[in-house]
Each structure stands twice: as C-alpha cells, then as structure tokens.
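As a plain string of letters, each chain reads:
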Amino acid sequence: MSVEGGRAISRRSMIGATVAGAVTVLWSVGACSSDGPPAPPRSTPTDGALPPSPDAVDTPATSDKESTASPSSTTNMPPSKPASMSIPTIGVTSRVIELGLQANGEMQVPKGATYDRAGWFNGSPTPGELGPSVLAGHVDGKDGPSVFYRLGSLKSGDSITVTRADKQRVTYRVYETERYAKDAFPTVRVYGNTTTPELRLITCSGGLGPDGHYLDNTVVYARMSGATTS
C-alpha cells in the first residue's frame, strides 16, 4: 500500500531514545499519541491486502554486519534537506516534512494534515551527509495504517531512496532491522556517529501498554550506496 506523505545525533550531540507513534484504533484498543522522544543530551559522543498489524509482527531481526555500501557512500555530500522518500519493497512514497523539538524538549511527530508523512529530524544530518540521518513516521492512526506500517518487514538489501531539495537522490541499502522495548532503547547505537552516511527509520511497534501506547520501537538501519541527480 502506498501512503502519501522531513538531524538524531548531530555532529556534536545525540537525541533521545524513542519516537512515539500512533496507537491503533481500528485493530487495537488505544488512542493516538503525540509524544516525542526526550531532548538530546547536551554532550555525548504496495498495493493489495494489508500486512500483519505491528503487534503481530515478531520476526527475527534482519542483520548483515558487512557493509553494503559502495565506495561512493563515503562521500560527505553538502547539506540539503530531504523533500521526499520511497521504499519500493513496502510500497511507500511520501513527501518528507521537517521535525524539530517541542517546547518540552521532546521531538515533534507528524500531526494534522501531515500525520501520514515521514518526518526528518532537523537535529540529524541531511541525507548524504556523514552520520545517521533520521526519519520517523507513524505506524497507524484512526483511519488505519500510516506511512511506516510495514517498516518491520524490511530486509537486508532492500532499497530506500531519499530525494533532497537540491534534486539529488540518495539511495540507501538496508543492513539491519531491529525491534526494541522503549525502556531499553539503544540510544548510542541508533544515534551515534558513523563514518559513512547512514539512515535510520523509526516507528512504533509491538503490543500496547496500560496507557494504550505501543511498547516497542522498530528501527531500520541503512547505509548510503550511491547518489544521482533526479
């Protein structure tokens, strides 16, 4: 199903551990959440039938510890904000909005008319820059599946393309997909500095807690494999 829909550690800092998403209304008993992750520490290094719902997905993590990046992926591209993204394997195409921090220090999440779009955290590198560029999206909402509903099904080698405002298209290859309990989120691993341009996609997953919010986060890790002009 295709859903229409814009820095985690910056070069000097690291954001908090979790990204809150919506909780399903149609498939589970719960309510949407607009909470975001905590503020960064000041110093620290497809069309067709619906897929299984997030709390039914419990597949082993996909892992490829060897780099899938090409030599060109070590290039540090000049900054340019993401404009759109696509993940052909799961039928996602989305414009990308920009997310900052809320007044309480938590990261913003897509809401209102942009609820079903992917959002880029502006405290992370832009796509193609060194480090992990971070995109977050809801898993579902009151109208059904949202942009990252099928994120947990991505496997090693799957392609993700982010088109930047300067018309450069940055392609990434997935090398790992993990699911973590929100109270055991590996902040450094997800948001820590990297020696090549990388991408992190984050959404909620797992079962629902007593407060009606998802208990887990799914994180997709990908490395840049190339860039072209669109």
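If you're wondering where the values come from, they're calculated on a predicted model, not measured in any experiment. (Residues numbered from 1 in each chain as written. Predicted model: local features only at pLDDT ≥ 70, side-chain atom pairs only at ≥ 80, totals over all residues. Heavy atoms only, no water.)

## Some points on the packing of aromatic side chains
Now for step 1: Evaluation of the coordinates by the stated rule reveals 3 aromatic pairs.
Now for step 2: A ring pair is formed by Y180 and F185, whose centres lie 5.8 Å apart and whose planes are at 65 degrees; its orientation type is edge-to-face.
Now for step 3: An aromatic cluster is built from Y180, F185 and Y191, whose rings are joined through pairwise contacts.
Now for step 4: A cation over a ring is seen here: R223 above Y175, with NZ or CZ 3.5 Å from the ring centre. (Phe/Tyr/Trp six-rings, centres within 6.5 Å; stacked < 30°, edge-to-face > 60°. Lys NZ or Arg CZ within 6 Å of the ring centre and 35° of its normal.)

## A few points about the pairing of strand 2 (residues 82-87)
Now for step 1: Looking at chain direction, strand 2 and strand 8 (residues 159-164) are connected through 4 bridges and run antiparallel. Paired with M85 across the strands is V162, a residue of strand 8.
Now for step 2: Strand direction decides the pairing type here: strand 2 and strand 3 (residues 92-99), joined by 4 bridges, are antiparallel. Across the sheet, the residue bridging to S84 is R95, located in strand 3. (Pairing = 2+ DSSP bridges. Helix = DSSP H or I, 4+ residues; strand = E, 2+ residues; numbered from the N terminus.)

## Concerning the pattern of salt bridges
Now for step 1: Applying the stated criterion to the full structure yields 7 salt bridges.
Now for step 2: Residues K81 and E98 are paired through a salt bridge, measuring 2.9 Å at the closest nitrogen-oxygen approach. With K81 in the loop between strand 1 (62-63) and strand 2 and E98 in strand 3, the pair connects residues that are 17 residues apart, well separated along the chain.
Now for step 3: When the shortest N-O distance is used, the salt bridge between R189 and E176 registers 2.6 Å. Of this pair, R189 sits in helix 1 (residues 187-191) while E176 is found in strand 9 (residues 168-181), placing the two residues 13 residues apart along the sequence.
Now for step 4: Judged by relative accessible area, R189 falls into the partly exposed class, the value being 37%.
Now for step 5: Assessed through its relative accessible area of 2%, E176 is described here as buried. (Salt bridge = Lys/Arg side-chain N within 4 Å of Asp/Glu carboxyl O. Buried < 20%, exposed > 50% of the residue type's maximum accessible area, 1.4 Å probe, protein only.)

## Some details on the nonpolar core
Now for step 1: Membership of the largest hydrophobic core comes to 23 residues, with the highest contact counts inside it found for M85, I87, I160 and L201.
Now for step 2: Those elements that provide at least two residues to this core are strand 2, strand 3, strand 4 (118-121), strand 8, strand 9, strand 10 (197-208) and strand 11 (214-229).
Now for step 3: Those residues in contact with I160 that sit more than four places away from it in its chain are M85, S86, I87, L154, V170, T171, Y172, V174, L199, L201, V220 and A222.
Now for step 4: Counting 9 residues, the second-largest nonpolar core is a separate cluster that includes Y175, Y180, V190 and Y191. (Core = buried A, V, L, I, M, F, W, Y, C linked by side-chain atoms within 4.5 Å. Contact = heavy atoms within 4.5 Å.)

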